[in-house]
Amino acid sequence: MNSRCAACKYLRRRCPSDCIFSPYFPPNDPQRFACIHRIYGASNVARMLQQLPENQRASAVDCLYYEAQCRVQDPVYGCAGIISLLYQQIHNAETEIAKTQAQIALLIDSNTQEQQVYLHQNIEVESDLNILLQEQGDEFSLLGPPNQASSGFI
């Protein structure tokens, strides 16, 4: 290789042609290896990469880099702190959804009760009106048909 990988530059050593780090730590991104080295150490990372199949190494380096960044930002909790925060946000959102659904159900129930009261009141008014009309109809039927003699027309 013409240029050393970021890991070999950081470790100040020559980069062999079969360097385990070179595919994953290009020379143009030295901070990537520095972050991982700070948390895990070069020999531990090299050992992990050697134990993995080649098709999984790139993903492993990406995960190590992410976890190292989290650990640098939050030395106590690292990724677990972010996961805990996300679980708390999920819990808060679920609680808010449950409250909103309860309010919606309450409003729907309230609206249904108001409609039932309105319908019941209309039924009572119609019933009272029918009773009144029947009573008036009965009064008219008690009087009988108008008498021609009393009407004054002959």
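Thresholds applied
- Residues numbered from 1 in each chain as written.
- Predicted model: local features only at pLDDT ≥ 70, side-chain atom pairs only at ≥ 80, totals over all residues.
- Heavy atoms only, no water.
- Salt bridge = Lys/Arg side-chain N within 4 Å of Asp/Glu carboxyl O.
- Helix = DSSP H or I, 4+ residues; strand = E, 2+ residues; numbered from the N terminus.
- Buried < 20%, exposed > 50% of the residue type's maximum accessible area, 1.4 Å probe, protein only.
- UniProt positions renumbered as here; feature names shortened; annotations may be inferred.
- Expected span 1.5 Å × (residues − 1).
- Axes fitted to C-alpha atoms, helices over the stretch in contact; angles between N-to-C directions.
- Parallel < 35°, antiparallel > 145°, perpendicular 65-115°, else oblique.
- Contact = heavy atoms within 4.5 Å.
- Phe/Tyr/Trp six-rings, centres within 6.5 Å; stacked < 30°, edge-to-face > 60°.
- Core = buried A, V, L, I, M, F, W, Y, C linked by side-chain atoms within 4.5 Å.
- Left-handed = near helix turned anticlockwise from the far one by under 90°.

### Quick notes on the pattern of salt bridges
Here's step 1: Counted by the stated rule, this structure contains one salt bridge.
Here's step 2: Of the charged contacts in the structure, one is a salt bridge between R32 and D62, with a shortest N-O distance of 2.5 Å. Of this pair, R32 sits in helix α2 (residues 30–40) while D62 sits in helix α4 (residues 54–73), placing them 30 residues apart in sequence.
Here's step 3: Using a relative accessible area of 14% as the deciding quantity, one classes R32 as buried.
Here's step 4: Under the relative-accessibility criterion, D62 is labelled partly exposed at 42%.

### What about the UniProt feature "coiled-coil region" (unreviewed entry) in the protein?
Here's step 1: As recorded in UniProt, the feature "coiled-coil region" (unreviewed entry) lies at residues 83–110.
Here's step 2: Secondary structure within residues 83–110 divides into 100% helix and 0% strand; the distance between the first and last C-alpha atoms comes to 40 Å.

### As for α4
Here's step 1: With 20 residues, α4 should reach 28 Å at 1.5 Å per residue; the first-to-last C-alpha distance of 30 Å fits that figure.
Here's step 2: For α4, the complete set of buried residues consists of R57, A60, V61, L64, Y65, A68 and C70.

### Focus on the packing of α2 against helix α3 (residues 42–51)
Here's step 1: In the contact formed by α2 and α3, the axes pass within 7 Å of each other and the chain directions differ by 100°. Considering the angle they form, α2 stands roughly perpendicular to α3. Residues F33, I36, H37 and Y40 of α2 form the contact with α3, whose own contacting residues are A42, N44, V45 and M48.

### Some thoughts on the packing of aromatic side chains
Here's step 1: With the rule as written, the count across this model stands at four aromatic pairs.
Here's step 2: Centroid distance Y10 to F33: 5.7 Å. Interplanar angle 70°. Geometry classified as edge-to-face. Pair noted here: Y10 is in helix α1 (residues 6–11) and F33 is in helix α2, with a separation of 23 residues, a long-range link.
Here's step 3: With centroids separated by 5.2 Å and ring planes inclined at 80°, the aromatic side chains of F25 and F33 adopt a geometry described as edge-to-face. We note that F25, like F33, is buried.
Here's step 4: Here the aromatic cluster, defined as three or more aromatic residues joined through ring pairs, consists of Y10, F21, F25 and F33.

### Here we look at the nonpolar core
Here's step 1: If you look at the biggest cluster of nonpolar residues, it comprises 21 residues, and the most contacted ones within it are C5, F21, F25, I36 and L49.
Here's step 2: For this core, the secondary structure elements donating two or more residues are α1, α2, α3 and α4.
Here's step 3: Discounting residues that sit within four places of it in the chain, L49 has contacts with I20, F21, Y24, R57 and V61.

### Digging into the packing of α3 against α4
Here's step 1: Where α3 contacts α4, the two axes come as close as 9 Å, and the packing angle between them is 150°. Judged on the interaxial angle alone, α4 and α3 are roughly antiparallel. Note that α3 runs across α4; the crossing there is right-handed. On the side of α3, the interface is formed by V45, M48, L49 and Q50, while α4 contributes R57, V61 and L64.

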